[in-house]
Amino acid sequence: MDLSRASAESLDAADPLAGFRERFAGAGEDGLLYLDGNSLGRMPRETPAALARTVEEEWGRGLVGSWSSWIGAATRVGDLLAEGVLGARPGEVLVSDSTSVDLYKLLVAAADARPGRDVLVCCADDFPTDRYIVAGVAQARGMTVREVTADVDEGLDPAVLAGALDERVAVVVLSAVAYRSGALADVAAVTAAARDVGALVLWDLSHAAGAVPVDLAATGADLAVGCTYKYLNGGPGAPAFLYVRRELQEQLRQPIWGWFGQRDQFAMGPAYDPVPGIERFGVGTPPVVAMAAVEVGARLVAEAGMPALAAKGRAMGELAVALADAWLAPHGVVLASPRDPARRGSHVTLAHPQAWQLTQALVDRGVVPDFRTPDRVRLGPAPLYTRFTDVWDAMDRFREVLATGAHERYPTERARVT
């Protein structure tokens, strides 16, 4: 691979997604080499107008009369995500609550749908909230948790997972893209293996949605949740989405019985009777203002198209890995993600004993990655607004920090905490 900056410039010149960069606030203006799109995406320029329209026109002037358009927003935006991002069918995705709450709702519903089974399976290196929720549901129901081990860099070995699956397993909870390393799971293979023993799989798509092709319908996925503020650019605290395969919807009853999941909700009936479709997984009044921002981000991703986004994300990852090998490895930096780009999502993780100090030194030099324990620097260039030259320049500054030892003057994480 040609590692010159001129080569990166050529890639930018040929980039079919280049025009999207100017549609994000700050991109190319704030001077930041922003490589943290896997934590919080940049704000689309259309978002303030969409929020103002919702607040000033629909709320300010329309008042309660605007409910006729608001009430269907959770399914309207859900269908947009289904078609443009997730490879799902209409009526299978709902925007609601937070990722954690949605995970809880679907996990309990799925466990109830597998009576007589007393085991929940999750990955020992999965995102903490996912593991905590699995543990909490298991404790409340008298179930057992099987935490399968995974390589912190390479991700979950399918053979190890297969060894944890038997007729006692009710639900398997896994991330499609590992939050720490970016390791990509085989959604279709895992779903099939779980189905062979009669279990359901609940996928966390938080680091996958908008970054890699998911194709929920094609892979036969049962259940999924995910956030909208990373690659979908819905803004901090934006509501999450949940997915339930159409054939499962009437079999599942979620544990939070709210009036937005009720059949004929405005009849205000005395007993809970969930609506037949995806709306049964709703709970309370949807976050209307926040959903307006989610819709803007989802439309941008759908317009760009997941094949183009995934291809660029993979190419930027390959560039980052090649530069790390050439420039950073001599200073003790080690790749902490799968080397094969086909097994990696859109972020790349690098390991170094002084990762915390390196992260702080990079931020002070206008490069924004993020730090993950125990010793990881995560680089998440979002393909909608990040250029190949941004990746090149960021790695060049990373090289300069290591070469000069500039990171040595920063305190350790322990000193920071205490």
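Residues numbered from 1 in each chain as written. Predicted model: local features only at pLDDT ≥ 70, side-chain atom pairs only at ≥ 80, totals over all residues. Heavy atoms only, no water.

(A) The packing of helix H1 (residues 5-13) against helix H13 (residues 388-404), seen in detail. Taken N-terminus to C-terminus, the directions of H1 and H13 make an angle of 155°; their axes are 7 Å apart at the nearest point. Here H13 runs roughly antiparallel to H1, going by the angle between their axes. For the pair formed by H1 and H13, the contact residues are Arg-5, Ala-8, Glu-9, Leu-11 and Asp-12 on the first element and Phe-388, Thr-389, Trp-392 and Asp-393 on the second. Across the contact of H1 with H13, the residue classes tally to four nonpolar, one polar and four charged. (Axes fitted to C-alpha atoms, helices over the stretch in contact; angles between N-to-C directions. Helix = DSSP H or I, 4+ residues; strand = E, 2+ residues; numbered from the N terminus. Parallel < 35°, antiparallel > 145°, perpendicular 65-115°, else oblique. Contact = heavy atoms within 4.5 Å. Nonpolar A, V, L, I, M, F, W, Y, C, P; charged D, E, K, R; others polar.)

(B) The arrangement of a nonpolar patch on the surface in detail. Taken together, Val-55, Trp-59, Leu-63, Val-64 and Val-289 make up a surface patch of nonpolar side chains, about 480 Å² in accessible area. Tracing the backbone shows Val-289 in helix H10 (residues 288-304). (Patch = residues over 30% accessible without salt bridge, like charges linked within 9 Å, V, L, I, M, F, W, Y side chains within 5 Å. Areas by Shrake-Rupley, 256 points an atom, 1.4 Å probe, with all protein chains shown as cover. Salt bridge = Lys/Arg side-chain N within 4 Å of Asp/Glu carboxyl O.)

(C) Main features of the sheet that holds strand S5 (residues 169-175). Overall, mixed pairing links the seven strands, which are arranged S2-S8-S7-S6-S5-S3-S4 in an open sheet. At either margin of the open sheet sits one strand with a lone partner, and together these are strand S2 (93-95) and strand S4 (144-148). Across this sheet, the average inter-strand angle for adjacent strands is 20°, counted without regard to direction. Those strands touched by helix H6 (residues 128-141) are strand S3 (119-123), S4, S5 and strand S6 (200-204), and its axis lies near 170° from that of S3. (Pairing = 2+ DSSP bridges.)

(D) Representation of the sheet that holds strand S9 (residues 334-335). One open sheet holds the four strands; their spatial order is S9-S10-S13-S12, and the pairing between them is antiparallel. Two strands close off the open sheet at either side, each with one partner strand: S9 and strand S12 (370-372). Bridge analysis of strand S10 (residues 348-351) against strand S13 (residues 376-379) gives four bridges, and the strand direction is antiparallel. Directly across from Leu-350, in S13, lies its bridge partner Val-377.

(E) Examining helix H8 (residues 187-196) more closely. Those residues of H8 lying buried are Val-187, Val-190, Thr-191 and Ala-194. All buried residues of H8 lie within an arc of 100° about the axis, which places them on one face of the element. Looking at the packing, one finds that the buried side of H8 touches helix H7 (158-163), S5, S6 and helix H9 (216-219). Of the residues trailing H8, Gly-198 is marked for its positive phi of about 85°. (Buried < 20%, exposed > 50% of the residue type's maximum accessible area, 1.4 Å probe, protein only. Arc of directions from axis to C-beta.)

(F) Inspection of the environment of Phe-241 at higher detail. Inspection of the secondary structure puts Phe-241 in strand S8 (residues 241-244). In this structure Phe-241 comes out as buried when scored by relative accessible area, which is 0%. Taking C-alpha positions, Phe-241 is 9.3 Å from Val-77, a pair spaced 164 residues apart along the chain.

(G) Structural view of the packing of aromatic side chains. Applying the stated rule across the entire model yields eight aromatic pairs. Ring geometry for Phe-24 and Tyr-385: centres 5.0 Å apart, planes at 55°, overall tilted. Of this pair, Phe-24 sits in the loop between H1 and strand S1 (33-34) while Tyr-385 sits in the loop between S13 and H13; the two residues are 361 residues apart in sequence, bridging distant segments of the chain. The residues Phe-24 and Tyr-385 share a single accessibility class, namely buried. Centroid distance Trp-259 to Phe-260: 5.2 Å. Interplanar angle 90°. Geometry classified as edge-to-face. Overall, Phe-260 belongs to the buried group, its relative accessible area being 13%. Among the aromatic residues, ring-to-ring pairing joins Trp-259, Phe-260 and Phe-266 into one connected group. Of note, Arg-253 hangs over the ring of Trp-257, and the distance from its end group to the ring centre comes to 5.3 Å. Lying over the aromatic face of Trp-327, Arg-399 brings its terminal NZ or CZ to 3.6 Å of the ring centre. (Phe/Tyr/Trp six-rings, centres within 6.5 Å; stacked < 30°, edge-to-face > 60°. Lys NZ or Arg CZ within 6 Å of the ring centre and 35° of its normal.)

(H) Just H1, in detail. Along H1, the residues that are buried comprise Ser-7, Ala-8 and Asp-12. In an axial view of H1, the angular spread of the buried residues amounts to 145°, which keeps them on one side of the axis. Buried positions along H1 lie against H13.

(I) Seen up close, the nonpolar core. Trp-203 and Leu-205 are the most contacted members of the largest nonpolar core, which totals 89 residues. Per element, the largest residue contribution to this core is eight residues, and it comes from helix H4 (residues 73-86). Beyond its immediate sequence surroundings of up to four residues, Trp-203 is in contact with Leu-174, Ser-175, Ala-176, Ala-185, Asp-186, Val-187, Val-190, Thr-191, Ala-221, Leu-223, Ala-224 and Val-225. Residues Ala-320, Leu-350, Leu-379 and Ala-406 belong to the second largest nonpolar core, which totals 34 residues. (Core = buried A, V, L, I, M, F, W, Y, C linked by side-chain atoms within 4.5 Å.)

(J) Unusual backbone geometry, seen in detail. A cis amide bond links Thr-373 to the next residue, Pro-374, at an omega of 0°. With respect to the element layout, Pro-374 can be found in the loop between S12 and S13. Of note, the phi angle at Leu-63 is positive, near 50°, even though the residue is not glycine. Following the sequence through the fold, Leu-63 ends up in the loop between helix H2 (47-61) and helix H3 (67-70). For Asp-264, which is not a glycine, the phi torsion comes out positive at approximately 50°. The topology assignment puts Asp-264 in the loop between S8 and H10. We classify Asp-264 as exposed; its relative accessible area is 56%.

Shape descriptors only; they carry no functional weight alone.
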